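Breakdown of the fold
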Amino acid sequence: MNPSSKSNKVLGFIISNLIILAIIAINRSLHVEKTGVLVYSQFVILPMLMGIISAWFWRDYKLKTKTIVGYAVINSLLAIALSYLFLGEGVICLIIVSPLILVFVITGSFIGKMMFRKKNQTLNVSIVSLLFMVFVVDSISDHHYENMVSDEIIINAPASTIWKNVVAFEKINAPNQYWLFKIGMPSPKQTTVTGYHNGAGRKCIFSNGYTFDEKIVAFDVNKNLTFDIVAQPQDPEIMGHIDIKRGQFLLKDNGNGTTTLIGNSWYKLRVFPIWYYDVWAESITRNVHLRVMDHIKELSEQ
Amino acid sequence: MFSFVVKKLGFIKSIPLTALIFDSGIKLWQYIFEPKKLILLDSLEDIVLSWEGVDISLHKFGGTQFNFHKNEIGHVHSNGILDILFDRETKNNLILEGKAEQHHVFEKSGWISFYIKSEADIQPAAHLLRESYLRIAQKST
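Numbering of residues begins from 1 in every chain and follows the order in which that chain's sequence is written. Chains carry letters from A onward and ligands carry numbers from 1 onward, assigned in written order. Only residues with pLDDT of at least 70 get local features here, since the model is predicted, and only at 80 or more are side-chain atom pairs given and counted; chain-wide, interface and lining totals rely on the full set of residues.

As annotated in UniProt, the feature "transmembrane region" (unreviewed entry) corresponds to residues 12-31, 37-56, 68-86 and 92-111 of chain A in the numbering used here. Annotated as 100% helix and 0% strand, the span residues 92-111 of chain A places its first and last C-alpha atoms 29 Å apart. UniProt positions are given in the numbering used here, feature names are shortened, and annotations may be inferred rather than shown by experiment. Per the convention used, a helix needs a DSSP run of H or I reaching at least four residues, while a strand needs a run of E reaching at least two, with both numbered from the N terminus.

Structure representation (structure tokens):
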């Protein structure tokens, strides 16, 4: 292999990453992203484009499938590292996004391989232009998605015993079970209130010290505690990509000395595509619920 | 997994690129857990590409499609399932001779499937593709 061919291979990594970084930088500087929304094409179109660009640099090497996949994996890891360094994304966020980036960079690399075999420049320019157009249209389009997650557990205690633990509770010391909490994602730790009435302030404190400021909007003793989130931390991890809007605990007396505790959360996602990120959002919200509700159960059944 | 997705979630393939992305996921899986399979599929590709007039493209449902002047000879998914369309009579004969199996989805069609699992499967797979290639080439002339 001569030195120029080797450098061409390296260019496949460098140029593709630089182009994608430049597109994201231009996109951000033009304030196309409204309120920090990350559109689906940033996770779908751009990685594919990255794969296609690198395939152009590798087009004369007759690379084997295993090599192309390997190079695409390296390219994806580079992109992820650059996102950490220049885009300020958090480690857990990048772990979540990495499968998406990997498969789309691989897809792009193989689309590129087939495109550049045909040596049909008109077709190639058309495909790249089409992808770029989709990116632009997606970037300037409005994106809005809200969802609600609901969970319930049965507690062997009357609602009157459970209620005080629902409104506020002492520190959760039980070890985390959810794998994302185990690797460092902040988990709920404690809740405090300024008063036991409608309109009172409530704080949900997470393991890393982050605090969600809440305002109680429904205080129906032994039945319904609903609170709006009025301020939430904006960190590079998940909290920067999801707005928790409202939380709720409903208590239902089962008539046999047990109570069904229902936890509801409403959130707005600021990261797309929904079919991918909402799976994560639901899973994380559910595990936040369960960590709090299991703690309430433990306190109430003592 | 592949069978479950294809049979139960087959409708998603109508969404553009979905099948290609699924196939990329398979490639990544093979790269990590069964890299030899990718090498085997490349060797099949090399054999078929050595025939006159043959080119490859991405198959619309994921994998590599072998073409003779834009006519499909067959396609191979990244998990090693080779699919080829024959006439019903040829298909039945191939199955009777144990050279191929019913198609993994479309059993009531002329499609056959052949499962590439080891190096020993490459020549029989190439032989099936060659049969399809010769038929198509003959029709074209």
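With that out of the way, let us pick up the domain arrangement of chain A. All names here are of chain A. Where each domain starts and ends comes from a domain assignment, either automatic or drawn from a database. The domain architecture assigned to chain A consists of domain 1 (3-140) and domain 2 (146-300). Put simply, the middle of domain 1 and the middle of domain 2, counted by C-alpha atoms, are 38 Å apart. Two residues qualify as being in contact provided that their C-beta atoms, derived from the backbone, are within 7 Å of each other. The partner domain 2 presents 16 residues to the 15 residues of domain 1 that form the contact. Mapped by element, the contributors of at least two residues to the side of domain 1 that touches domain 2 are α2 (40-43) and α5 (91-118). Residue contributions to the side of domain 1 that touches domain 2 peak at four residues, all from α5. Under this grouping Gly is polar, as are all residues other than the nonpolar Ala, Val, Leu, Ile, Met, Phe, Trp, Tyr, Cys and Pro and the charged Asp, Glu, Lys and Arg. Split into classes, the residues belonging to the side of domain 1 that touches domain 2 amount to ten nonpolar, four polar and one charged.

With 14 residues of chain B in contact, the opposing surface of chain A contributes 13 residues. Looking at the side of chain B that touches chain A, the elements that each hand over two or more residues are α2 (18-33), α3 (35-49) and β1 (54-58) of chain B. Its residues placed into classes, the side of chain B that touches chain A shows nine nonpolar, three polar and two charged.

As a further point, take the sheet that holds strand β5 (residues 224-231) of chain A. Whenever strands of a sheet pair, they do so through backbone hydrogen bonds, lying parallel or antiparallel. Residues and elements named next belong to chain A. Two strands pair under a simple rule: DSSP has to find at least two bridges between them. Read from one edge of the open sheet, seven strands run β1-β7-β6-β5-β4-β3-β2, paired in antiparallel fashion. Each of the sheet's edge strands pairs with one partner strand only, and the pair in question is β1 (146-155) and β2 (188-193). When the angles between neighbouring strand axes are averaged without regard to direction, this sheet yields 25°. Here β5 runs beside strand β6 (residues 242-253); their pairing, made up of five bridges, is antiparallel. By the bridge assignment, D228 is partnered in β6 with R246. In this analysis an axis means a line fitted to C-alpha atoms, helices contributing only their contacting stretch, and an angle means the value between N-to-C directions, from 0 to 180 degrees.

What follows covers unusual backbone geometry. All names here are of chain A. Cis geometry is found at the peptide bond from F272 to P273, where omega equals 15°. Positionally, P273 belongs in the loop between β7 (259-269) and α9 (274-300). Positioned with a positive phi, K62 is a non-glycine residue whose angle comes to about 50°. For K62, the position within the fold is in the loop between α3 (45-57) and α4 (65-86). The phi angle at N222 is positive, at roughly 65°, despite the residue not being glycine. With respect to the element layout, N222 can be found in the loop between β4 (211-220) and β5.

Moving on: α3(A). Since one α-helical turn is 3.6 residues long, residues separated by three or four positions face the same way. The span expected for a helix works out to 1.5 Å for each residue beyond the first. Taking 1.5 Å per residue as the helical rise, α3(A) with its 13 residues ought to reach 18 Å, and the 19 Å between its terminal C-alpha atoms agrees with that figure. Among the 13 residues of α3(A), 13 are classified as buried, and the element is accordingly described as predominantly covered. To sort residues by burial, count the other C-beta atoms lying within 10 Å of each one's C-beta; a count of 20 or more means buried, 12 or fewer means exposed, and anything in between means partly exposed. C-beta atoms are built from the backbone.

This part covers the sheet that holds strand β2 (residues 64-68) of chain B. All names here are of chain B. Sheet architecture is open: six strands sit in the order β1-β2-β3-β4-β6-β5, paired in antiparallel fashion. Each edge of the open sheet carries a strand with a single partner, namely β1 and β5 (101-102). Pairing analysis gives five bridges linking β1 to β2, with the strands arranged antiparallel. Counterpart to V54 in the pairing with β2 is F68. Each of β1, β2 and β3 (71-76) touches α3; the most contacted strand, β1, lies at about 140° to it.

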